[in-house]
Amino acid sequence: MKKLLFVLVAALGFSSVSYAQMTEKELKKAVKAAQRVVKDARSEQERDDGNKNRAKQMIDQSMKNNLVKDWDQTWSTAALIYMDLYNQENVKVYQKKGDTIKMYNYMNQWFEYALRADSLQQIPDAKGKTSNEVRKNHAEKIGNNISNLINAGIFYFNHRSDFKNAYESFDRFFTLVETPMIKEQIKDIEFFKDLSQFAYFPTLAGYQLKDWNKLLKYSDLARSNEEYGETSTQLVCEAYGNMGDSVKWLATLKEGMIAYPESDYFYSKLLTYYNDKDDMEALSSFVEEMIERDPEKAYNYYVVGVIALQAGDYDKAIKNYETAIEKDPTLSDAYNNLGICHIKKAQEFMESKQNLNYKSAE
């Protein structure tokens, strides 16, 4: 074993020029020695009494060796070793004796190496054959553990405020479930049939990073989810606003207004936007269109009331606030603004009486 390790270290010292200077026989010998180290690492890993740390050291060295870096068995062996390391650390974490970050790092390396080995094995050899060795050894196991990428992202987000690693964990999850090796394995598992439930997580992590492209990457999927759709749409608005894309920002606001008519966010943003542009007519036209779409949505009438109140048309505002309250008695803002309208009308009445001549016979 020591001799083989020494040969590998020597091989790592060669530059590409050194390879070119080797005879074909010498190169074959060096490759064979490098492959022997990979095989020994696998044997060490598979033995019940094997030294797992030694297996890790050997395969870590082999993955850096140009002589075997494109050999599928290098990465297949690495995947097996790191799978074991992950499982061992997972048990320790469960027993509250392990390192959570180390566990997730081992998991990521396991997944990465397995997929790299699989991609190499899907390249036809000289006889036109491919191999499914890695898929047989890892596809099911990765499928059973891939949800831990979501757990990893949540861990980094909630417990470390490490939004970069959180995003990368969520992003890796979505990337992996679309790879051929994993997609086939999980296609019938209920957990993976609605990925929209997880798309909000990278969207929120992108927002925390202020990386608007990352935020938008999964935003369409996040917006399609019933639970997270409204908040995801708000985050998309924030992204377009910060990117200075006023066209998409306004379009998304209007989409949110239609999809979530009771949300204060979209209405308040639109009200501010049109108010700043002094274009209440455009907003009024849009809300009237929404009323035509669904005349039972109370908040539409509330917004018409807001527009009328700002314009000083208190009678129209009162009428629409009353309609809003009739359709949704819990709409507290409508009650508040209705009261403001009556106060305004009372003030106008009192002001109109200030110039009266009470001594006049008339």
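The structure contained in this document is the topic of the report that follows. (Residues numbered from 1 in each chain as written. Predicted model: local features only at pLDDT ≥ 70, side-chain atom pairs only at ≥ 80, totals over all residues. Heavy atoms only, no water.)

All right, on to the environment of Asp-333 then. For Asp-333, the position within the fold is in helix α20 (residues 332-353). Classification of Asp-333 as partly exposed rests on a relative accessible area of 34%. Taking the C-alpha atoms as reference points, Asp-333 and Tyr-302, 31 residues apart in sequence, are found 8.3 Å from one another. (Helix = DSSP H or I, 4+ residues; strand = E, 2+ residues; numbered from the N terminus. Buried < 20%, exposed > 50% of the residue type's maximum accessible area, 1.4 Å probe, protein only.)

Within this structure, the stated rule accounts for 26 aromatic pairs. Summarising the aromatic geometry, the rings of Phe-201 and Tyr-228 are spaced 6.0 Å apart at their centres and angled 65° between planes, so their arrangement reads as edge-to-face. Remark: Tyr-228 occurs in the loop between α13 (219-223) and α14 (229-243) and Phe-201 occurs in helix α11 (residues 196-209); sequence separation between them is 27 residues. Three or more aromatic residues joined by ring pairs form one cluster here, namely Phe-173, Phe-174, Phe-191, Phe-192, Phe-198 and Tyr-218. Here the basic side chain of Lys-210 rests over the ring of Tyr-207, its NZ or CZ set 4.0 Å away from the ring centre. (Phe/Tyr/Trp six-rings, centres within 6.5 Å; stacked < 30°, edge-to-face > 60°. Lys NZ or Arg CZ within 6 Å of the ring centre and 35° of its normal.)

Before going further, it helps to spend a moment on unusual backbone geometry. For Lys-96, which is not glycine, the phi torsion reads 60° and is therefore positive. Tracing the backbone through its elements, the reader meets Lys-96 in the loop between α5 (72-94) and α6 (100-121). A relative accessible area of 76% places Lys-96 in the exposed class. The phi angle at Lys-210 is positive, at roughly 60°, despite the residue not being glycine. One can find Lys-210 in the loop between α11 and α12 (212-217).

Our focus in this paragraph is the pattern of salt bridges. Tallied over the entire structure, the rule returns 22 salt bridges. Put simply, Lys-52 and Asp-84 hold a salt bridge, and the shortest N to O gap is 3.9 Å. Remark: Asp-84 occurs in helix α5 and Lys-52 occurs in helix α4 (residues 52-63); sequence separation between them is 32 residues. Between Lys-345 and Asp-315 there is a salt bridge; the shortest N-O distance is 2.6 Å. You can see Lys-345 sitting in helix α20 and its partner Asp-315 sitting in helix α19 (residues 314-327), a full 30 residues away along the chain. A cluster of three or more residues bridged by salt bridges with shared partners is formed by Glu-44, Arg-47, Asp-49 and Arg-54. (Salt bridge = Lys/Arg side-chain N within 4 Å of Asp/Glu carboxyl O.)

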